[in-house]
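Residue-level structure breakdown
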Amino acid sequence: MNAFSATLAQIQLLWHALAAVVEGDTADLMRKAIVGLSVEGGHSSLSTWGVSAHKDLFGGTAGRASEEIRAHGQGGARRLRTADRKFRDLSGRRGGYRIVAGNPPFVRFERAPIGPEERIEYAPVLKKNTDLSVLFAFRAMEWWLAPNGRLGFFLPLALSEASYAEPLRAILAQYRIVEIIDLEEIGNVAFHGANVVTIGLVMEKTAATAQDQIKITRVTPECLDEEHGRIDMTKAITDVVPRSAVLLERYLPGSGADLRAPPAETKADDETVTAAPDHETPSSEDSDDEAASEDGEASDSAWLTKIRSADVDVLDALAAARRLDDIILRGWTKKAYRQKTRYEAAIPNGEPAVHWQQQRVMGYGVKVGRKSIENPGGRPVYKAKHLPPDGSLPEEPFGHWNGDPAEVDTARFYAWAGVGDEVNTFVVRNIATQPVFAPHPANAYLTNTVYCIRLSERFPLNIWSLSRVVAWFMAKTARTSVVQGYFTTFYPRQTTRIPIPAELDEALLDELDEIGRRILTADDELARGDTEIEKLRSGVSSRPFRNRLDLVANGIVTAPKDVSWPGADANWTGARLLVDGADIRFVTTDADGAEAPAPTETGQPTVITITDPDLREWATSEARSLLARGGRPDRQWMGTLSIPDDPAAAATLVRRLREGSAEQELAAALDSLDRKVADLLGLTDGQLDHIRDAFRTDAMLLHVRPQWKHRQSVVTRDASQRDGAAA
Ligand SMILES: C[S@@+](CC[C@H](N)C(=O)[O-])C[C@H]1O[C@@H](n2cnc3c(N)ncnc32)[C@H](O)[C@@H]1O
């Protein structure tokens, strides 16, 4: 670390030493510990000081005079001979430590100066866009750790799946993975300010065996001990799975590997990727060279940090299915790949076959460049950031394009013009809580916020992919770390892995179409209801309710001012509301599956009493939509609740929508879809139940839902919850 960090660390040690003196009996122990510690600044722990792991085959300093090592220094860095002996040992002697614990920097490799000589030492793990933590993990495992020693590192979750960490994973996987601690559920609490999802990884330097069992630990919000600023690991949830269950390869079929995937893109045109400067989210600029975007590419060597033991047989069953990839149309492209090249359905007559390669008819939408495009008479170009499953595009077109590749930066998918059948073309949005598929809108182009695929046969992909069976499989195997705040996730791995039925006969397709029609109609109806409610909400009263808690004074709301609200750390996962006379109560399901009041700061249940039936109806509807969005009521929410000008009319509308069948119909249709999909993929009832339960109870999956046209989600609510809510 740098000298400044070292000084800070020394000051911290000093504080501990002083505290120990005050605490008396630990003083002696503390003093000893502090004497044993040494903090050295000014050297890089990654520096190898001329000791070559390659030349010495990790034999340490053998053959190299220690004077030589000590004298070795690199531009700007202090010479090792000036360093503390312990640091020299660390750098020069291999395999000296039984325990290596660390919280290495999560910083892009480009930011860290590392000499050409050292690059050679790290060559086995160096990849474009890699992260310094990869180098640290490599060095710790291969250099510092003694045989049978244990490593405990905090690492970015991305290391478990990103392609840049593939070489590191291959090296680590030779050894025993002891435990993976997934910290995603607590957001960025563990490392304040860093927008990086982290895991804890415990490795043991013994050869991996097929019998190894891996402990998977989930740090849930219940583990947060705000008062002491601690994470209470005794409250974490642990599970044990066989080693192979953690490795993604177990669930992947071998097909299609020879065909090139579409250029991966982690960052599309208008995507805002937020990250602290030292903790960057891997991203790639659009490039004509598809290989440039390695970091977003699928990596089949991923480790599944969220696997549960009960998931394994369900994933195994789904892994055996046919894949979407099998029905993606293939076309031909010249081997000298250019984004602006037109692609062909077959190798043109007279062309030598060796110059051509077969490829999936799939690719990101058109990239227009910074400015808009206006080709007179061209088709509209849409950004399609929000893509409901019916493919409707509510927004304004971004411009107009005549389809000529020369007019745009990259034509990508549209360079396939004329290859295959437009009817079987779908759009995929993979920055969403669940990858969304929609039919490609007719007579329009889409930008690279989405990618497009053309199928070789009829298949209602947009409907099929709405099934929770598919969503679950994707969430378990293809989801990755965060791009835009927690829970907005990215599916960089090929959505072409979606399991599909072995056979697609016309009767089956008609049946799926029919279920799809029911789903889309219900979604549309709910969306129209939402629009009406939104109108009411914005037509808020001009009555002088500076603070709507004033309603208390008007006798409309008789809730006492001291309503108990959920505290910041209260777990309201799956919370719902019940109306009981004039009272609105909030409940959750406890560990035993029983109904329990949702936890609050005071321990008293949250009860809002509203005597006026119309206002109650309205407030209930607003509270329900708050919960559906993952929010929870609090004083501020109550205080700013909009009150429609005409509460009676609002209540009538809310009642009509609630009593209307659209919500039930959507839930029922999704249910039929799930059953059909489970059936076609050979899942048992128990396996389907496992998936459906996961969507109600798993903190990550609670946020996973399609991009419905209507905003609320009925997906996470089961029948009993609906009945309760409608009371
Ligand atoms: C995430 S912080 C962890 C700090 C401390 N270990 C902890 O857990 O609080 C990473 C630390 O690594 C240091 N660092 C960065 N590059 C380094 C290098 N090449 N050699 C040694 N330390 C480095 C940074 O200065 C920073 O203090």
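Residues numbered from 1 in each chain as written. Predicted model: local features only at pLDDT ≥ 70, side-chain atom pairs only at ≥ 80, totals over all residues. Heavy atoms only, no water.

Quick notes on the overall build of the chain
How we decide: Think of it this way: any DSSP run of H or I at least four residues long counts as a helix, any run of E at least two long counts as a strand, and we number them from the N terminus. Each residue gets one of three labels from its accessible area relative to the maximum for its type: buried under 20%, exposed over 50%, partly exposed in between, using a 1.4 Å probe on protein chains only. Residue contacts are defined here by distance: any two heavy atoms, one from each residue, within 4.5 Å place the two residues in contact. Per-residue accessibility takes into account occlusion by the displayed protein chains alone, with areas from the Shrake-Rupley method and a 1.4 Å probe.
Of regular secondary structure, the chain possesses 19 helices and 25 strands. Relative to its 727 residues, the chain shows a buried fraction of 53%. Pairs at least 24 residues apart make up 76% of the contacts formed inside the chain by residues separated by at least 6 positions. Total accessible area on the chain is roughly 31800 Å²; 53% of this is exposed by carbon and sulfur atoms.

Some remarks on the packing of helix α14 (residues 613–628) against helix α16 (residues 647–659)
Short version of the rule: Helix axes are fitted only over the stretch in contact, all axes being lines through C-alpha atoms; the angle between N-to-C directions runs from 0 to 180 degrees. By the definition adopted for this analysis, an angle is roughly parallel if under 35 degrees, roughly antiparallel if over 145, roughly perpendicular if from 65 to 115, and oblique otherwise. Left-handed describes a crossing whose near helix is turned anticlockwise from the far helix by less than a right angle; the clockwise case is right-handed. When residues are sorted by character, Ala, Val, Leu, Ile, Met, Phe, Trp, Tyr, Cys and Pro go into the nonpolar class, Asp, Glu, Lys and Arg into the charged class, and all the rest, Gly among them, into the polar class.
Axis separation between α14 and α16 bottoms out at 8 Å; the angle between their running directions is 50 degrees. Accordingly, the angle class assigned to the pair α14 and α16 is oblique. Seen from above, α14 lies across α16 with left-handed handedness. On α16, the residues touching Pro613, Asp614, Glu617, Trp618, Ser621 and Arg624 of α14 are Pro647, Ala648, Ala650, Ala651, Val654, Arg655 and Arg658. Grouping the amino acids of the contact of α14 with α16 by side-chain chemistry returns seven nonpolar, one polar and five charged.

Comments concerning the sheet that holds strand β16 (residues 436–439)
Where we set the bar: We call two strands paired when DSSP finds no fewer than two bridges between them.
Pairing within the open sheet is antiparallel, and its four strands lie in the order β12-β18-β15-β16. A strand with exactly one partner marks an edge of an open sheet, and here the two such strands are β12 (362–364) and β16. Adjacent strand axes in the sheet meet at a mean angle of 25 degrees when their direction is disregarded. With four bridges joining them, strand β15 (residues 425–429) and strand β18 (residues 451–454) adopt antiparallel strand pairing.

Describing the side chain of Thr130
Structurally, Thr130 can be placed in the loop between α5 (116–122) and α6 (132–144). With a relative accessible area of 0%, Thr130 lands in the buried category. Once residues lying within four places of it in the same chain are set aside, the contact partners of Thr130 are Val107, Arg108, Phe109, Glu110, Val125, Leu135 and Tyr164.

Looking at the sheet that holds strand β8 (residues 237–242)
Each strand in a sheet pairs with another by means of backbone hydrogen bonds, the pair being arranged parallel or else antiparallel. Overall, mixed pairing links the six strands, which are arranged β1-β2-β4-β3-β5-β8 in an open sheet. The sheet terminates laterally at β1 (97–102) and β8, the two strands that pair on one side only. On average, each strand axis in the sheet is tilted by 15 degrees relative to the strand beside it, whichever way the strands run. Here strand β5 (residues 213–218) pairs with β8 via six bridges, running antiparallel. If you follow Ile216 over to β8, its bridge partner there is Asp239. Running over the sheet, α6 touches β1, β2 (145–156), β3 (175–182) and β4 (198–207) and is turned about 170 degrees from β2.

Points about the packing of helix α17 (residues 662–680) against helix α18 (residues 685–697)
Packing of α17 against α18 brings their axes to within 10 Å, and their N-to-C directions diverge by 135 degrees. Taken together, the axes of α17 and α18 are oblique relative to one another. Remark: the crossing between α17 and α18 carries right-handed chirality. Counted together, Asp671, Asp674, Arg675 and Ala678 of α17 and Asp685, Leu688, Asp689 and Arg692 of α18 form the full contact between these two elements. Within the contact of α17 with α18, the residues separate by chemical class into two nonpolar, no polar and six charged.

With respect to the confidence of the model for the chain
Predicted coordinates in regions of low pLDDT should not be interpreted in detail. Put simply, the test is: Think of pLDDT as the predictor's per-residue confidence, scored from 0 to 100.
In the predicted model, the chain carries a mean pLDDT of 80, and 79% of its residues have values of at least 70. A low-confidence stretch, residues 255–296 (pLDDT under 50), is modelled with 114 contacts involving residues beyond four sequence positions or located in other chains.

Some remarks on the site of the ligand
Here is the rule we go by: Only a single heavy atom is needed: when it lies within 4 Å of a molecule or strand, its residue is near that molecule or strand. Counted as a polar contact is a pair of N or O atoms within 3.5 Å, where, for protein atoms, one must be capable of donating a hydrogen and the other of accepting one, and residues adjacent in sequence contribute only when both atoms are in side chains.
Around the ligand, the structure places Met1, Ser5, Ser44, Ser45, Asn103, Pro104, Pro105 and Phe136. A distance of 2.8 Å separates a nitrogen atom of the ligand from a polar side-chain atom of Ser44. Between the ligand and the protein, one listed contact pairs an oxygen atom with a side-chain N or O atom of Asn103 at 3.1 Å. Burial of the ligand by the surrounding chains reaches 54%, relative to a free accessible area of 590 Å². Grouping the constituent residues of the shell around the ligand by class yields four nonpolar, four polar and no charged.

Section: the nonpolar core
Burial of nonpolar side chains together is a common tendency in soluble globular proteins. Cut-off, in case you're wondering: Nonpolar cores were defined as sets of buried Ala, Val, Leu, Ile, Met, Phe, Trp, Tyr and Cys residues, with membership established by side-chain atoms within 4.5 Å.
Counting residues in hydrophobic clusters, the biggest one holds 111 residues, and the most contacted among them are Trp303, Leu324 and Ile453. Here this core takes ten residues from α6, the largest share from any one element. Ignoring any residue separated from it by four or fewer positions in sequence, one finds Leu324 in contact with Phe437, Ile453, Leu455, Leu461, Thr495, Thr496, Ile498 and Ile500. Core analysis: the next-biggest nonpolar cluster, separate from the first, contains 26 residues, Leu329, Leu393, Val408 and Ala411 among them.

Considering the side chain of Asn375
Residue placement: Asn375 occurs in the loop between β12 and β13 (379–382). Residue Asn375 is classed as buried on the basis of its relative accessible area, which comes to 8%. Once residues within four sequence positions are removed from consideration, Asn375 is found in contact with His400, Trp401, Asn402 and Glu407.

Description of the environment of Pro613
Mapped onto the elements of the fold, Pro613 is located in helix α14. When its relative accessible area of 46% is taken as the criterion, Pro613 is described as partly exposed. C-alpha separation for the pair Pro613 and Ala648, spaced 35 residues apart in sequence, amounts to 8.7 Å.

Points about a nonpolar patch on the surface
Using the following cut-off: Like-charged residues are merged into a patch within 9 Å and nonpolar side chains (Val, Leu, Ile, Met, Phe, Trp, Tyr) within 5 Å, provided each residue has over 30% relative accessible area and no salt bridge. Between Lys or Arg on one side and Asp or Glu on the other, a salt bridge is scored when a side-chain nitrogen of the former is within 4 Å of a carboxyl oxygen of the latter.
Where nonpolar side chains cluster on the molecular surface, the patch consists of Phe4, Leu8, Ile11, Leu14, Trp15 and Leu18 and spans about 670 Å² of accessible area. Residue classification places Leu18 among the partly exposed positions, given a relative accessible area of 44%.

As for the environment of Ala669
With respect to the secondary-structure elements, Ala669 resides in helix α17. C-alpha separation for the pair Ala669 and Gly516, spaced 153 residues apart in sequence, amounts to 7.9 Å.

Some remarks on helix α9 (residues 312–319)
The following threshold applies: Here the arc refers to the set of directions running from the helix axis out to each C-beta atom.
Among all positions in α9, only Val312, Val314, Leu315, Leu318 and Ala319 are buried. Projected down its long axis, α9 shows its buried positions confined to an angular sector of 160 degrees, all on one face. Looking at the buried side of α9, the elements it contacts are α8 (243–246), β9 (322–323), α11 (468–477), β21 (499–500) and α18.

A look at the pairing of strand β22 (residues 576–580)
Successive side chains on a regular strand alternate, one facing one side of the sheet and the next facing the other. In the sheet, β22 pairs with strand β23 (residues 583–589) via five bridges, with the strands oriented antiparallel. Following the sheet pairing, Leu578 is matched in β23 by Arg585. Count of turn residues in the β22/β23 antiparallel hairpin: two residues, of which Gly581 carries a positive phi of about 60 degrees.

Describing the packing of aromatic side chains
Worth spelling out the cut-off: Only Phe, Tyr and Trp rings take part, Trp by its six-membered ring, and two of them pair if their centres are within 6.5 Å. Stacked means planes under 30 degrees apart, edge-to-face means over 60, and tilted covers everything else.
Within this structure, the stated rule accounts for ten aromatic pairs. Ring-pair connections join several aromatic residues into one group, and the members of that group are Trp401, Phe413, Tyr414 and Tyr445.

Regarding α17
Applicable threshold: A helix's residues, less one, multiplied by 1.5 Å, set its expected span.
A rise of 1.5 Å per residue sets the reference length of α17, with its 19 residues, at 27 Å; its end C-alpha atoms lie 26 Å apart and thus fit the reference within 8%. By the burial criterion, the buried members of α17 are Ala662, Glu663, Leu666, Ala667, Ala669, Leu670, Leu673, Asp674, Lys676, Val677 and Ala678. Just downstream of α17 lies Gly682, where phi reads positive at about 75 degrees.

Observations concerning the pairing of β16
Summarising the sheet, β15 and β16 pair through four bridges and their orientation is antiparallel. Each residue of the ladder has a partner; that of Val428, found in β16, is Phe437. Connecting the antiparallel pair β15 and β16 is a turn made up of six residues.

Quick notes on the environment of Ile453
With respect to the secondary-structure elements, Ile453 resides in strand β18. Here Ile453 falls in the buried class, since its relative accessible area comes to 1%. Sequence separation between Ile453 and Ile328 is 125 residues, and the spatial gap between their C-alpha atoms is 7.0 Å. In contact with Ile453, not counting residues within four places along its chain, are Leu324, Ile328, Val361, Met362, Phe413, Asn424, Thr425, Phe426, Val428, Phe437 and Leu461.

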